[in-house]
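# Breakdown of the fold
Residue strings, one per chain:
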Amino acid sequence: MSTLQGESFYFHHGWHFLRADAFPMAKAVDAHRDAEGHAFYEAGYRETGWQPVTLPHTFNDEDLFRDRIQDGGSGQRRTAAFYRNILTIPARHKNHKVLLAFEGLRQTCYLYVNGTLAGYYEAGVAPFGFDITPYVRYDAPNLIAIATDNTATRNAPFCIAETPNKPDAVPGSYLFPQEQAVPADRVGVPFFWNCNDFNPSVGGITRPVQVFFKPDVYLTLPLYSNLQTKGLYVYGRNFDLDNATADIRVEAEIRNEGKVPVSAQLRITLRRPDGSVAAIFDGAPATAAPTGRAVPPLSITPADAYIPDEAVPGHYCPVEDESLPAPTATDSMAVTVLHAGVDTLPLRF
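The structure presented is a predicted model; accordingly, all values stated were derived computationally and were not measured.

### Concerning the nonpolar core
The biggest cluster of nonpolar side chains holds 29 residues, and the ones touching the most others in it are L100, F102, L111, I132 and I144. Residue assignment for this core shows that the elements contributing at least two residues are strand 3 (15–19), strand 5 (80–87), strand 6 (97–102), strand 7 (108–113), strand 8 (116–121), strand 9 (128–131), strand 10 (142–149) and strand 13 (209–214). Sequence-distant contacts of L100, that is, excluding residues within four places in its chain, are made with F11, L111, F128, G129, F130, I132, I144, V209, Q210 and V211. One finds Y112, L117, F158 and F191 within the second-largest nonpolar core, a separate group that totals 24 residues.

Right under this line is the structure:
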């Protein structure tokens, strides 16, 4: 679609898939190196035994029908899995920002672009996104490679844990012990929502994926993980049920990655179910200062969730005292917030 947000398309076709049948992640990657030793995320990797798939995709949904469901899905296969695809950027988007948005997958996503780790997500439930602009080539095909895992917290020997948000921590290398102990220097913080009762262990890229192309000045996406932006927010207040009116308010984030300040404002069009226009209203202009190219971190796992292990250099221990971490960060990164509203708007309740 073409909007003030730029252009986007669903990135659902052309994927290749391999179920690793190995875990943890480092073991899975090593188990499926090609004959020349290349890892699955490297451009020179030669696929053997991979199958073409279309997203959304899962590799263990049949388990829910073949076997009796136990504990919300403990009978499902849980393992690491890999995906590969080629993203070719149309010439008209040269130098545009490129964002890759996921509606969610279970349980982790480690994203590689042209062989480089471009970001990772370790929460399992909510939507998330990555800014892959620094890693793409605009004049050649781009290899998109993804490692996922769907290990869960019940009836499994161990599962993957949050990676410490530290420069020397290897993503996917920390584990959470369950039926089986794990090395002491690998014990990590478990995922908050990693529960079969809440979310059965359906593995793979199980929800839609979109590619967004953004110009220098753009409306942000509502993806705090990992983009650290909140997008557009629409809400009502002062509801008058007898007269069927309410005040409507809109807040929207924009980011200016150009070189000069720009004046921007919102124009809001409210439509009825049949498509006819119910109202049009504008917000006050605001100046958006240039921020330069804003590059989100590889992960937004709280940096204070782990502390250095004094006995083992390069290892981090989970913080046991919950009073020590700082409040959860919610501020967006490098944005200007625009506002618009209309009072006593007739509405169809």
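Okay, back to it.
### Details of the pattern of salt bridges
If the charged atoms of two oppositely charged side chains come close together, the side chains can form a pair. In the structure shown here, the tally under the stated rule is 14 salt bridges. A salt bridge links R19 to D21; its shortest N-O distance comes to 3.0 Å. Take D21: its relative accessible area is 45%, and that puts it in the partly exposed class. Note that R186 is salt-bridged to D185, the shortest N-O span being 3.8 Å. Using a relative accessible area of 22% as the deciding quantity, one classes R186 as partly exposed. Classification of D185 as partly exposed rests on a relative accessible area of 31%.

### Considerations on the sheet that holds strand 8
Read across the sheet, 6 strands follow the order 4-3-5-10-7-8 without closing on themselves; strand pairing throughout is antiparallel. Where the open sheet ends on each side, the last strands, each with one partner, are strand 4 (51–53) and strand 8. Recorded for the sheet is a direction-independent mean angle of 25° between the axes of neighbouring strands. Note: strand 7 against strand 8, 5 bridges, orientation antiparallel. Each residue of the ladder has a partner; that of L111, found in strand 8, is G119.

### Remarks on the side chain of N226
One can find N226 in helix 3 (residues 224–227). If we skip the residues at most four places from it in the chain, N226 touches Y120, Y121, F128, G129, F130, P296, P297, L298, S299 and I300.

### Focus: the pairing of strand 9
By the alternation rule, side chains of strand 9 split into F128 and F130 and G129 and D131, which are all buried. The pairing of strand 6 with strand 9 spans 4 bridges and is antiparallel. Bridge pairing in strand 9 links L99 to D131.

### Notes on the pairing of strand 18 (residues 267–271)
Here strand 18 runs beside strand 19 (residues 277–282); their pairing, made up of 5 bridges, is antiparallel. When the sheet's bridge partners are listed, R271 is paired in strand 19 with V277. The antiparallel hairpin formed by strand 18 and strand 19 contains 5 residues in its connecting segment, where G275 sits at a positive phi of about 95°.

### Details of the environment of Y110
Tracing the chain through its elements places Y110 in strand 7. Given a relative accessible area of 1%, Y110 falls into the buried group. Distance from Y110 to T148, taken between C-alpha atoms, is 6.4 Å for residues 38 residues apart in sequence. A polar contact is formed between the side chain of Y110 and the side chain of E122, at a distance of 2.6 Å.

### Quick notes on the environment of P261
Considering the arrangement of structural elements, one finds P261 in the loop between strand 16 (245–256) and strand 17 (262–264). We classify P261 as exposed; its relative accessible area is 54%. Placed 202 residues apart in sequence, P261 and F59 show a C-alpha to C-alpha distance of 49 Å. In this structure P261 touches N256, T287, A288 and P290, once residues within four positions along its chain are discounted.

### Describing a nonpolar patch on the surface
A cluster of nonpolar side chains, F239, L241 and F349, forms an exposed patch at the surface whose accessible area comes to about 390 Å². Its relative accessible area of 54% is what places F349 among the exposed residues.

### Notes on the packing of aromatic side chains
Enumeration according to the criterion identifies 20 aromatic pairs in this entry. Joined through ring pairs, the aromatic side chains of F9, F11, W15, F17, F59, Y83 and F213 make up one cluster. For R84, the ring lying beneath its charged end belongs to W50, and the centroid distance is 6.0 Å. The positively charged end of R186 is found above the aromatic ring belonging to Y174, 4.5 Å away from the centroid.

### A few points about unusual backbone geometry
Omega for the bond connecting R106 with Q107 falls within 30 degrees of zero, at 25°, which places this linkage in the cis form. Mapped onto the elements of the fold, Q107 is located in the loop between strand 6 and strand 7. The peptide bond linking S225 to N226 adopts the cis configuration, its omega dihedral lying at -10°. Unlike most non-glycine residues, N238 shows phi in positive territory, near 55°. Relative to the elements of secondary structure, N238 occurs in strand 15 (residues 232–240). Judged by its relative accessible area of 56%, N238 falls in the exposed class. A positive phi angle is found at T344, which is not glycine, with a value near 50°. The topology assignment puts T344 in strand 23 (residues 336–346).

Conventions adopted
- Residues numbered from 1 in each chain as written.
- Predicted model: local features only at pLDDT ≥ 70, side-chain atom pairs only at ≥ 80, totals over all residues.
- Heavy atoms only, no water.
- Core = buried A, V, L, I, M, F, W, Y, C linked by side-chain atoms within 4.5 Å.
- Buried < 20%, exposed > 50% of the residue type's maximum accessible area, 1.4 Å probe, protein only.
- Helix = DSSP H or I, 4+ residues; strand = E, 2+ residues; numbered from the N terminus.
- Contact = heavy atoms within 4.5 Å.
- Salt bridge = Lys/Arg side-chain N within 4 Å of Asp/Glu carboxyl O.
- Pairing = 2+ DSSP bridges.
- Axes fitted to C-alpha atoms, helices over the stretch in contact; angles between N-to-C directions.
- Polar contact = N/O pair within 3.5 Å; in protein donor to acceptor, adjacent residues only side chain to side chain.
- Patch = residues over 30% accessible without salt bridge, like charges linked within 9 Å, V, L, I, M, F, W, Y side chains within 5 Å.
- Areas by Shrake-Rupley, 256 points an atom, 1.4 Å probe, with all protein chains shown as cover.
- Phe/Tyr/Trp six-rings, centres within 6.5 Å; stacked < 30°, edge-to-face > 60°.
- Lys NZ or Arg CZ within 6 Å of the ring centre and 35° of its normal.

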